[in-house]
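# An overview of the molecular structure
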Amino acid sequence: MGSDPDWTLLGRYLRGACSPEETAGIAAWAAADEEHARLLALMQAVWDAAAADLPEIDEAAAWQAVRARMLAAEHPPVVRPLHLMEAGPAGRSRRRRFAAVLVASAAALLVVTTGTVVWRREAADAPHPPREFTTARGERSEVTLVDGTRVWLSADSRLQVMGNYGAGNREVQLVGEAYFIVRHDPQRPFRVYARGTVSEDLGTEFNVRSYPEDSDVVVLVASGRVAMRRTATTRPASTVELGRGQMGRLEEDGRVTVTSDVDPGGPLAWREGRLEFDQRPLSEVLRELGRWYDLTIVLDDSSLARVPVSLTLDRHPADEALEIVSRVVGLRYTREGRVVRLSAK
Amino acid sequence: MRVASVWPADSTFIERIRAGDEHAYEELFHRYYRELCRYAARISPSGAAEEIVQEVFLKVWLRRERLREVNTLRSYLYAAVRNHALNQIKRSGYEDRWRRGKVVEQSDAPALASSADEDVRAAELTVAIERALGTLPPRCRQAFLLQRREHMSVAEIAEAMAIAPKTVEVQIGNALKLLRRHLAEWIQRD
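A brief look at the structure comes next. (Residues numbered from 1 in each chain as written. Chains lettered and ligands numbered in written order. Predicted model: local features only at pLDDT ≥ 70, side-chain atom pairs only at ≥ 80, totals over all residues.)

## A few points about the overall build of chain A
Definition in use: The helix count covers DSSP runs of H or I at least four residues long, the strand count covers runs of E at least two residues long, and both are numbered beginning at the N terminus. Counting other C-beta atoms within 10 Å of a residue's C-beta gives its exposure: the residue is buried at 20 or more, exposed at 12 or fewer, and partly exposed in between, where C-beta atoms are placed from the backbone. The contact rule is simple: place each C-beta atom from the backbone, and if two of them lie within 7 Å, those residues are in contact.
Tallying secondary structure elements over chain A gives seven helices and 21 strands in all. Split into buried and exposed, the 345 residues of chain A put 32% on the buried side. Relative to all contacts within chain A whose residues are 6 or more apart in sequence, the contacts with residues 24 or more apart total 47%.

## Looking at unusual backbone geometry
Glycine aside, the phi torsion of most residues is negative, and most peptide linkages are trans. Residue and element names in this part refer to chain A. Its identity is not glycine, yet Asp261 carries a phi of approximately 55 degrees, on the positive side. Considering the arrangement of structural elements, one finds Asp261 in the loop between strand S16 (256-259) and helix H5 (265-268). In this structure Asp261 comes out as exposed when scored by C-beta crowding, with 8 C-beta atoms within 10 Å. Backbone geometry at Gln279 places phi at a positive 55 degrees, although glycine is not the residue there. On the secondary structure map, Gln279 appears in strand S17 (residues 274-281).

## A short note on the interface of chain A and chain B
Cut-off, in case you're wondering: Only Asp, Glu, Lys and Arg are considered charged in this grouping, and only Ala, Val, Leu, Ile, Met, Phe, Trp, Tyr, Cys and Pro are considered nonpolar; every other residue, Gly among them, is considered polar.
Taken together, the contact between chain A and chain B spans 27 residues of the former and 32 residues of the latter. Broken down by secondary-structure element, the contributors of at least two residues to the side of chain A that touches chain B are helix H1 (7-15), helix H3 (34-49) and helix H4 (59-73) of chain A. Residue contributions to the side of chain A that touches chain B peak at eight residues, all from H4(A). Looking at the side of chain A that touches chain B, its residues break down into 18 nonpolar, three polar and six charged.

## Side note on the packing of helix H2 (residues 22-43) of chain B against helix H3 (residues 49-62) of chain B
All names here are of chain B. For clarity, the threshold we go by: To get an axis, fit a line to the C-alpha atoms, keeping to the stretch in contact for a helix; angles then go from 0 to 180 degrees between the N-to-C directions. Orientation is classified from the angle alone, with under 35 degrees giving roughly parallel, over 145 giving roughly antiparallel, 65 to 115 giving roughly perpendicular, and any other angle giving oblique. The crossing is said to be left-handed when, going from far helix to near helix, the turn is anticlockwise and less than a right angle, and right-handed when the turn is clockwise.
Where H2 meets H3, the axes come as close as 9 Å, and the angle between the chain directions of the two elements is 140 degrees. Taken together, the axes of H2 and H3 lie oblique to each other. With respect to the hand of their crossing, H2 and H3 are arranged in right-handed fashion. Side by side, H2 and H3 meet where Tyr25, Phe29, Tyr33, Leu36, Cys37, Ala40 and Ala41 of the first sit next to Ala49, Glu50, Ile52, Val53, Phe57 and Trp61 of the second.

Next up, the structure:
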């Protein structure tokens, strides 16, 4: 047979379809030479391995997921001067320089408050390292990205804009809560990464909520469509498409559930300065108020943590808000600086 | 020993990664991701193979100053995946007990008993075969996979492909020959 076997015959052998004479022939060939024996063993291994039906691996998607996490996890966070352009009274532009600084607890230097600002790219071709927009507790902001996409950030939130945003893909990473009005561009998909999920704009306005204390990630679509999927698995089946009035929720156990006909009023009220709670556990309400007003609110009687609360706050100052909450649950509050205690009357 | 040890050709590759070169890291990713996933699946059959490997690639990047010579990169990655996968098994064992409220018998993961080296080689071979299969001529690959994956008989394949049974056997033989050619380096090992 020479150094190569009769391949057709080998195929029959591996299939188990050889006659006794043919089998003996293969055995003799293998015995004749060390190399032959090795080749036979290899082909047997190949034969067995080729039968395994393996799960599909989407390498490209996997790399995107890893890369997003790499960029988001780098320390220290990027600090860089940003050029802002504002139209002056006569319509001429005025350039101002601000430093964007990561917010610690008290040193709130975050530049953007309400009102539209436009970020201008410093050099058309130079790749940009990621940049961050952060709100502290008690703070909200609105940002317009280079491509015209508008983002509202709720309290205690962080938006990281990945390098090359606008030139290539448009990717951002969110911790906290933000509302997006996306400038649709099919050539450059807009994606929001939030703890284990990625939501892709299909021509939309949508809200993403993913605070570290929450056990779930919630995406609510106000208009248009969003494709939401887990980043841990890249199989197509795990993508859900959300339309207007639908809410996608990635639970802690990995399930993605979709709720339709959601009244966006409550979850999106924060953009207008309103907080709406509908039968939410007291502990969650207090946590949100703490974030919103930058307070630490302590509940003396922890057995009340699960009491359901329904109320609406509309741009109330902190003390009025505390007054309302206390009344609703039948407690009283005391306040010292930024610490509030709720206790029995 | 392995063809893989001459990759990458560029000796500054590791330096580029340590300096934070994302493109170099992406090359590394594409070189090893698939086979590390197959490896992780052998050790931790929980379906979390991709997640484990992605975590590892993230960690390796964040600690990239620790990377040394290139020829240990491969074993470094495999070891990292192995550790991470085994930790997951331990951790998920605890979680299962806690969630279900009763003691869950955790049998020894089969991979703990087999040699780590075997798993690595099996993973590499699996990926090498995956890639080699992709290079086969379409009809040849079709005949081969109908036999291997669908377990069809020669007669059934012949009918499905509208060719003679003898031709089916020749095609399967052909597939073996071409696969062998693509996997040539495997013959050299040990």
